[in-house]
Amino acid sequence: MLDLKKFAEDFIQKKLQLFDDDNREDESVIKAINDRETANSDRERGVRRWLNVYKALLFFPPDNSMKIAGEIIKFAHERQRTTLHQNKDRIISEYVCLRERIRQFAPSLKSGNPKEVTSLTSKALWCCYPYDVPIFDSYAVDALRVISRLSRIAPEPNQSEYACFVDVWSQVYSEIVSVIEEADLNGYPYKVRVLDRLLWDLGQPSYYTP
């Protein structure tokens, strides 16, 4: 069975510093979300820039991308709280609300259905709740499925894809949170991102290279 704590310790010691530039980008988008004294147009550009860094707006028309950035900022303004205390049900509830607001600006596929926005919504929701929300992307999902099978960590049945992801992610996080709490993160405050980085790195579509 996989030793999750040892795995997390090795990642933090050997690879986490490779994400320092990404951490600075994170700080920038959090500022754009929360700084109400800055012009909305500048804030929207900041949010859109961060989403583009993570390729969350691929194939979205520029006008739609800017409207989505504005919708994310509006959603953040309407928050009843600034933290969800990493509560799965609250995360899912907020995710569903934000997804519906984003979907109205999603381009249509050839089938006529709107483009899937699960990854985009999870990234947008993290911007609003950076202490709580795991980021859903294909690399993270692939890695989490492997960890789930190796460690025999299962989600509750009959959940949506995103809810299953949050469920297993939360269980894995609870196993390694003590390691993250004890680690030197160079002042970076968003500890949930350590597991995000680990999963993204593990899920790379390549074999190991020294």
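Fair warning: this is a prediction, and the values are worked out from it, not measured in the lab.

S.K.: Mind laying out the side chain of T121, listing which residues take part and the relevant values?
M.R.: Relative to the assigned elements, T121 resides in helix α6 (residues 118-128). A polar atom in the side chain of T121 sits 2.7 Å from the backbone oxygen of V117. When residues no more than four places from it in sequence are discounted, the contact partners of T121 are Y95, L98, R99 and I102.

S.K.: Outline the state of the cysteines, supporting the account with residue identities and numerical values.
M.R.: Evaluation of the coordinates by the stated rule reveals zero disulfides. C97 takes part in no disulfide bond, and the closest cysteine sulfur to it belongs to C128, at a distance of 12 Å. Overall, C97 belongs to the partly exposed group, its relative accessible area being 40%. The thiol of C164 is not disulfide-bonded; the next cysteine sulfur, from C97, is found 19 Å away.

S.K.: Can you lay out empty space enclosed by the protein for me, pointing to particular residues and giving the numbers?
M.R.: Counted under the stated rule, the structure contains one cavity of 30 Å³ or more. Roughly 30 Å³ of volume is contained in the largest cavity. Lining the largest cavity are L4, F7, A8, I147, V172, I176, L195 and L198. For the lining of the largest cavity, the elements supplying multiple residues, two or more each, are α1 (4-14), α8 (161-182) and α9 (192-202). Sort the elements by how many residues they give to the lining of the largest cavity and α1 lands first, with three residues. Considering only residue class, the lining of the largest cavity consists of eight nonpolar, no polar and no charged.

S.K.: Tell me about the packing of aromatic side chains, and please be specific about residues and values.
M.R.: Scanning the entire structure with this criterion turns up 13 aromatic pairs. Between F19 and W200, the aromatic rings sit 6.0 Å apart at their centres with planes inclined by 85°, giving edge-to-face as the arrangement. You can see F19 sitting in the loop between α1 and α2 (20-34) and its partner W200 sitting in helix α9, a full 181 residues away along the chain. Relative to Y190, the ring of Y188 lies with its centre 5.3 Å away and its plane at 90°, an arrangement referred to as edge-to-face. Taking relative accessible area as the criterion, Y188 reaches 10% and is therefore assigned buried. Taking the relative accessible area as the measure of exposure, Y190 reaches 6% and is therefore buried. Taken together, the aromatic side chains of W50, Y54, W126, Y131, Y188 and Y190 make up a single cluster linked through ring pairs. Directly above the aromatic system of W126 lies the positively charged group of R193, at a separation of 5.0 Å from the ring centroid.

S.K.: Explain the pattern of salt bridges to me, using residue names and the numbers behind them.
M.R.: All told, the structure shown has 17 salt bridges when counted by the stated rule. Residues K88 and D167 are paired through a salt bridge, measuring 3.6 Å at the closest nitrogen-oxygen approach. Of this pair, K88 sits in helix α5 (residues 88-103) while D167 sits in helix α8, and the two are 79 residues apart along the sequence. Note on K88: relative accessible area 17%, which makes it buried. Through salt bridges that share partners, D26, R193, D196 and R197 make up one connected network.

S.K.: So what's going on with unusual backbone geometry? Which residues, and what values?
M.R.: Positive phi is not limited to glycine here, since Q86 has a value of about 55°. The residue Q86 is located in the loop between α4 (62-77) and α5 in this model. A residue is classified by how much of its surface remains accessible, and Q86, at 34% relative accessible area, is partly exposed.

S.K.: Can you explain the packing of α1 against α9? Please cite residues and give values.
M.R.: Interhelical geometry of α1 versus α9 gives an angle of 90° and a closest axis separation of 11 Å. In terms of axis orientation, α1 runs roughly perpendicular to α9. Contact with α1, carried on its side by F7, A8, F11 and I12, involves V194, R197, L198, D201 and L202 of α9 and no other residues of that element. Class assignment for the residues of the contact of α1 with α9 results in seven nonpolar, no polar and two charged.

About the thresholds
Residues numbered from 1 in each chain as written. Predicted model: local features only at pLDDT ≥ 70, side-chain atom pairs only at ≥ 80, totals over all residues. Heavy atoms only, no water. Helix = DSSP H or I, 4+ residues; strand = E, 2+ residues; numbered from the N terminus. Polar contact = N/O pair within 3.5 Å; in protein donor to acceptor, adjacent residues only side chain to side chain. Contact = heavy atoms within 4.5 Å. Disulfide = S-S within 2.5 Å. Buried < 20%, exposed > 50% of the residue type's maximum accessible area, 1.4 Å probe, protein only. 1 Å grid on protein atoms, 1.4 Å probe; cavity = no way out; pocket = protein on both sides within 12 Å on 5 of 7 lines; lining within 4 Å. Points joined across faces, edges and corners; volume = space filled by probe spheres on them. Nonpolar A, V, L, I, M, F, W, Y, C, P; charged D, E, K, R; others polar. Phe/Tyr/Trp six-rings, centres within 6.5 Å; stacked < 30°, edge-to-face > 60°. Lys NZ or Arg CZ within 6 Å of the ring centre and 35° of its normal. Salt bridge = Lys/Arg side-chain N within 4 Å of Asp/Glu carboxyl O. Axes fitted to C-alpha atoms, helices over the stretch in contact; angles between N-to-C directions. Parallel < 35°, antiparallel > 145°, perpendicular 65-115°, else oblique.

Shape descriptors only; they carry no functional weight alone.
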